Amino acid sequence: MKVVVTGMGIQCALGGSVKEFWAGVEQGNSGISLIKRFDVSPFEPKLGGMIPEGDSIESDEKRLFSYARTAAKEGLMNAAITDRSTVSLVLGTSNGVRGSKINDISYDLAEELKLGGLVITVSTACTSSAHAIGFAADLLRRGTAKTVIAGGVDILTLDVFAGFYCLGLLSKSPCSPFSNPLGTTLGEGAAFLVMEAEETAKQRGVQSQAVFMGYGMSADAYHDTRPEPGGTGICKAITAALKDSNLKPVDIDYINAHGTGTAANDSAEWRGIQTALSNHAVKIPISSSKSFLGHGQGAAGAMEAITTLAGMQHNVIPPTLNYTRPRPFSPPDPVPDKHPRPHVTKYALCTNSAFGGLNTALVFGRNDSDYKPQKESPRPISVLGYGINLDKDYINNFVPYDDLRSTDLTAQLLAGVVAMVLNNAGIPFRSNECENIGLYVGQDHISEDSREEFEISIRERNIKHLSASAFTRLVVNYPAGVCCRLFGIKGPVAVTTAKPDSGLTALCLAADNLAWRDDTDLMIVAAVASHDPDSGKPARAVGLLLKAGDEKSPVRLKKWSMFRNPIHKHEESLKADGGLACLKAGSSPVSPDLGDIVSAIKAINDNTQDSVQIKSEQSLNNMGFEIIIERGN
Amino acid sequence: MQTALKKRIEIRESTMIDVAEILISALHLKFEPGDLDPDTPLFGSGLGLDSVDAVVIIVELESRFNISISEEEGKNALRTINTLIDLIIRKKYGNA
Amino acid sequence: MPEENGYEGYLAIRNSVALEEETDLHCLLIKGKDAFKILDQICPCNVFLQNGQMKHTLLLDEHAVPFADVYICRKWEDAYLLGYWPSSINMIDWINRHQGSVSDYAIIDLNESNFFLTLNGPYAWELCANAIGPEILGMPYLSIMMQNFGMVFRAGITGEYGYHLMFPAEQKKEWTDLLLEAGKPFDLVVTDRTARAQCTLENFFFDLNREGQHLLTPPELQLQWRLSRQKEKYPGSEAMQSIREKGWNKRLTCFITKNSAQVNDEIIYEKESVGRVISIGYSPLRKEFIGKALIEKPFWHAGLSGFHINNQELETISAPAIDNRSIHVNLNLDSYFTRNENHDESLRQ
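About the thresholds
Residues numbered from 1 in each chain as written. Chains lettered and ligands numbered in written order. Predicted model: local features only at pLDDT ≥ 70, side-chain atom pairs only at ≥ 80, totals over all residues. Heavy atoms only, no water. Pairing = 2+ DSSP bridges. Helix = DSSP H or I, 4+ residues; strand = E, 2+ residues; numbered from the N terminus. Contact = heavy atoms within 4.5 Å. Axes fitted to C-alpha atoms, helices over the stretch in contact; angles between N-to-C directions. Parallel < 35°, antiparallel > 145°, perpendicular 65-115°, else oblique. Left-handed = near helix turned anticlockwise from the far one by under 90°. Nonpolar A, V, L, I, M, F, W, Y, C, P; charged D, E, K, R; others polar. Buried < 20%, exposed > 50% of the residue type's maximum accessible area, 1.4 Å probe, protein only. Core = buried A, V, L, I, M, F, W, Y, C linked by side-chain atoms within 4.5 Å. Domains from an automatic or database assignment. Phe/Tyr/Trp six-rings, centres within 6.5 Å; stacked < 30°, edge-to-face > 60°. Lys NZ or Arg CZ within 6 Å of the ring centre and 35° of its normal. Salt bridge = Lys/Arg side-chain N within 4 Å of Asp/Glu carboxyl O. Polar contact = N/O pair within 3.5 Å; in protein donor to acceptor, adjacent residues only side chain to side chain.

1. With respect to the sheet that holds strand S9 (residues 151-155) of chain C
All names here are of chain C.
For step 1, the next point in the chain: One open sheet holds the 6 strands; their spatial order is S8-S9-S10-S7-S1-S11, and the pairing between them is mixed. The two strands at the open ends of the sheet, each matched to only one other strand, are strand S8 (143-146) and strand S11 (189-190).
For step 2, the next point in the chain: The sheet contact formed by strand S1 (residues 18-21) and strand S7 (residues 114-120) spans 4 bridges and is antiparallel. Opposite Leu19, over in S7, you have Leu119 as the bridge partner.
For step 3, the next point in the chain: Sheet contacts for helix H5 (residues 172-183): S1, S7, strand S10 (162-168) and S11; angle to S7, the most-contacted strand, approximately 10°.

In structure tokens:
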């Protein structure tokens, strides 16, 4: 199925609509200015890609919501969506509002805009919204969603600004990717794409604006904040994206780079691009929109996708502003102009990289582009193993302490369960086999201990002397990144977040990936919670190892699906079919989670069941799941 | 032994104990204080610390010893445990 | 006072790039399912390496005295043991003697078919990128990379950028010529181990030929960082355990003095001997002599003065003794060819 983009909406430092934003780009304007919203007096530099309208909004929550609403509304309007009851939302966000509220924005936005489809939140730091766009395409391709609005939102807060400052990542003047000075400038904003099947768009009589060709993702397995300097991670994401798009390196004629401006990012990214595109890389113009938008964090991927698409529509490519002189061994054509350059782009590549070492690559094509799916029919999926970990110290039995020096409870629990499933499957850590394994995690908040450590450091010292180490752990994908590093996992890695996160969204997305894509044959799906005040569950992690194409496996994942019931019917939906009650001994009824999948597998292994269906709806957000596990042949 | 030297040795020893304690607790190093030799490199080889640890060390030293360390001073002192001790002694006791 | 010439090799390591054919560098490849298990049997440190990672450690005898100064490396599922040990030691035999129940491994001596060229210096990265390829720039310190000609180990014990390049023996002339040619614009100097040894002394790196000859243990050498505290069993572990229990009362400390001295010369404080010289060499950058002395507790601290050696003053200092240029060279801003231009600090991150 060919997925097309039929609408775009943005709010960023250059304006509150695509039109305003693009006019700014054409005029060579920069959205980077002195920060007035919070007190930056202790810091130097004091710059940010700030949205002026945001300054008068009273709280972070409202600001985040306001940006998201403005951009999403524009997107829906631009796509001429009239029936919102079947529109799904895939939203990427990272730093905006910390703690257990990370996913509130998605539910609030869906409710405000009366979106009746699925609501999925992705939180993978600076790749959040790029992951969201990729997953949206998968939902459409698999028929799980009819129309999706996908993108992301983040705001610049004092915490994030101070954290980047303390890590020494901020540029002394507006950032100048691939040039001087070194360092980045943070920004904020919201951007959404409306995506749907070409057929749907035709039926609605709506003109498509671009074709979504494909996406790829990877993990560096290297460091919490720095990219793998050889760029192997970004190279892997690009290669996967080209494969998904059925394109070759020579087909790409523009790259919108992550290009944060930091020494570590830009050099690693360029090396990764060179490895992925070989000799063709030096012939492609590569620019970074962060030079005029700042680094939009979780929203960066979507903001940059819109910059790219707007350029394609106008037959130009956006420049890299503030470019003075080239860094040694940097891209030969970074589009170092003040204004967009005339250039016909047939296929554009957008890359992003995140804390925790995650990378994404998106490929967009012009309207006449063809699309060929990776697989005509899905591969069967089996369950190779499972684990439940309640012991934070369990992981210490397997990896030496110096590899897990400064970490937190969530990461320890998750690492323990990943160690369990790898051990059960006989896969040695950091082996060749791990290089391609994927990891999808369902996790609804950052680890409470890291958040406390961060807050205490500010309270007891001051904002300028915050705990840099705790700051690096404040991205939801930090525990996943730790697992990648510990076990050498470098395949597709992502983190979804619901409230509470049952891991079932991660399971469905992982199963889709295995069934339909060539990224990997093995995928670990896990859910982790360090504390869960709502359900009273103990801190724990649950994990499954899924394998594609194994016909002989004793346990099969027969069906996986997500749905959303717009009408609240908690009580009815809480009963599980198939004989496995979700009534846990001594506790109140709770929605099923990955733990119930584990129980189902055990029941099949024990010969007490041949097939178990788990069907239920999450009480808080009406997201429903139907999972069937059965005995293999 | 002359008092001046005795005093210097005492300062050196107590600062070493404090720095070792700070490194172990703030960076969660799995070493006993006696395992940390004063000329141990901090980055690359040695303790294998990274840029995030560097920030943590400076902030911890500033707050524990009530001193202010500039970026330049920090960069020059972040070589070994001994160069950190030199910096602290210089800041707290001058060059005496 | 020595003349200021005759130090071209040393100055190249400190200021530009030096090339050395390292005939004393050994490399073993350990293959097989148990490659890291056998490594774990012989090493006093944790061997759980990431793909491409190197780690600096020591191999100890039963008295916990190091007899080999090595890096352990991981490439995929293969282990490499790279480093310095006396040619009189048959390392493969020694490893096999410690195999215990570990059996699924094979050791290949890479020196039989390869040779090593090492580039050291603050601009070694730039020369390597030009001569071999820009992917070299993506190598962090202590990492290894496969190349179609052989392997690159980024390590170095001079305090400057260092790359050990392993080439097939039959390509020796070809690669030496290529690097010499590529090195011309960098004022490349061919050096021997003397220049390297002076640099390792200034940066307080261990030299098996120097302090390795005095039967000192890791705490006395200030090399406990090469060992993992959690590791319980390895050759020398019992001796190490006993040293930790009993404690030690002398250790190597870096010193400076204006005049030359000999190894084993006594260091005097108020007419009493408090230690002896283990190694010493002239530092052309500091324009004085730098050494390592085995000094007794409590005189074993850096930053002390009032000592004498052969009636000349001597003071102890913190290592490293040099503010290495490599620390200040930024791969994203600097180049050997712009080294004399004014550096705008505001460009730095």
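2. Focus: the packing of helix H1 (residues 8-15) of chain C against helix H6 (residues 193-202) of chain C
Residue and element names in this part refer to chain C.
For step 1, the next point in the chain: At their nearest, the axes of H1 and H6 sit 8 Å apart, and the two run at 50° to each other. The angle between the axes of H1 and H6 places the two elements in the oblique class. For the pair H1 and H6, the sense of crossing is right-handed. Across the interface between the two elements, Gly9, Tyr10, Ile13 and Arg14 of H1 pack against Ala195, Arg196, Gln198, Cys199 and Glu202 of H6.
For step 2, the next point in the chain: Here the residues of the contact of H1 with H6 are counted per class, giving 4 nonpolar, 2 polar and 3 charged.

3. Brief notes about the environment of Glu62 of chain C
Residues and elements named next belong to chain C.
For step 1, the next point in the chain: You can see Glu62 is positioned in the loop between strand S3 (54-60) and strand S4 (66-75).
For step 2, the next point in the chain: The exposed category is assigned to Glu62, whose relative accessible area is 59%.
For step 3, the next point in the chain: Every residue in contact with Glu62, bar those within four places of it in the chain, is listed here: Gly236 and Ala239.

4. Some details on unusual backbone geometry
All names here are of chain A.
For step 1, the next point in the chain: Residue Pro181 follows Asn180 across a cis peptide bond; omega there is 0°.
For step 2, the next point in the chain: Within the secondary structure layout, Pro181 lies in the loop between helix H5 (158-166) and strand S7 (189-197).
For step 3, the next point in the chain: A positive phi angle is found at Asn607, which is not glycine, with a value near 65°.
For step 4, the next point in the chain: Residue position: Asn607 is located in the loop between helix H17 (594-605) and strand S21 (611-617).

5. Quick word on the sheet that holds strand S5 (residues 78-84) of chain C
All names here are of chain C.
For step 1, the next point in the chain: Across the sheet, which stays open at both edges, the 5 strands sit in the order S3-S4-S5-S2-S6 with antiparallel pairing between neighbours. Two strands in the sheet have a free side with no partner beyond their single neighbour: S3 and strand S6 (106-109). Here the strands of the sheet are splayed against their neighbours by 25° on average, with no regard to which way each runs.
For step 2, the next point in the chain: In terms of strand pairing, S4 meets S5 through 7 bridges, oriented antiparallel. When the sheet's bridge partners are listed, Arg74 is paired in S5 with Ala79.
For step 3, the next point in the chain: Against the sheet, helix H2 (residues 35-42) makes contact with strand S2 (26-31), S3, S4 and S5, and its axis sits at roughly 35° relative to S5, the strand it touches most.

6. Thoughts on the nonpolar core
For step 1, the next point in the chain: Counting residues in hydrophobic clusters, the biggest one holds 104 residues, and the most contacted among them are Val418, Leu439, Phe487 and Ile524 of chain A together with Leu23 of chain B.
For step 2, the next point in the chain: Considering every element that reaches this core, the biggest residue donor is helix H11 (residues 409-424) of chain A, with 10 residues.
For step 3, the next point in the chain: When residues of this core are assigned to domains, at least three fall in each of domain 1 (3-365) and domain 2 (381-631) of chain A.
For step 4, the next point in the chain: Counting 87 residues, the second-largest nonpolar core is a separate cluster that includes Val5, Ala494, Met523 and Ile601 of chain A.

7. With respect to the packing of aromatic side chains
For step 1, the next point in the chain: Under the defined criterion, the tally for this structure stands at 34 aromatic pairs over all chains.
For step 2, the next point in the chain: The interplanar angle of 65° and the centroid separation of 4.9 Å between the aromatic rings of Phe67 of chain C and Trp94 of chain C together place this pair among those described as edge-to-face. On the criterion of sequence distance, the pair formed by Phe67 of chain C in strand S4 and Trp94 of chain C in helix H3 (residues 91-97) is long-range, its members being 27 residues apart. Assigned by exposure class, Phe67 of chain C and Trp94 of chain C land together as buried.
For step 3, the next point in the chain: With centroids separated by 5.2 Å and ring planes inclined at 65°, the aromatic side chains of Tyr282 of chain C and Phe289 of chain C adopt a geometry described as edge-to-face.
For step 4, the next point in the chain: Taking relative accessible area as the criterion, Tyr282 of chain C reaches 6% and is therefore assigned buried.
For step 5, the next point in the chain: Each residue in the set Tyr123, Trp125, Tyr161, Phe186, Tyr336 and Phe337 of chain C is aromatic and connected to the rest through ring pairs, giving one cluster.
For step 6, the next point in the chain: Over the aromatic face of Phe48 of chain C sits the side chain of Arg430 of chain A, whose NZ or CZ is 3.8 Å from the ring centroid.

8. Details of the domain arrangement of chain A
Residue and element names in this part refer to chain A.
For step 1, the next point in the chain: What the domain assignment lists for chain A is domain 1 (3-365) and domain 2 (381-631).
For step 2, the next point in the chain: Contact residues are listed per partner, giving 57 residues for domain 1 and 49 residues for domain 2.
For step 3, the next point in the chain: Counting the contacts that link domain 1 with domain 2 gives 3 salt bridges.
For step 4, the next point in the chain: Of the charged contacts, one joins Asp244 and Arg517 as a salt bridge, the two residues approaching to 2.8 Å between their closest N and O atoms.
For step 5, the next point in the chain: Applying the counting rule to domain 1 against domain 2 returns 20 residue pairs in polar contact (both at pLDDT 80 or more).
For step 6, the next point in the chain: Contributions of two or more residues to the side of domain 1 that touches domain 2 are made by helix H3 (104-112), strand S5 (119-122), helix H4 (128-141), H5, strand S8 (210-219) and helix H7 (232-245).
For step 7, the next point in the chain: The leading source of residues in the side of domain 1 that touches domain 2 is H5, at 8 residues.
For step 8, the next point in the chain: Residues that form the side of domain 1 that touches domain 2 fall into these classes: 28 nonpolar, 18 polar and 11 charged.

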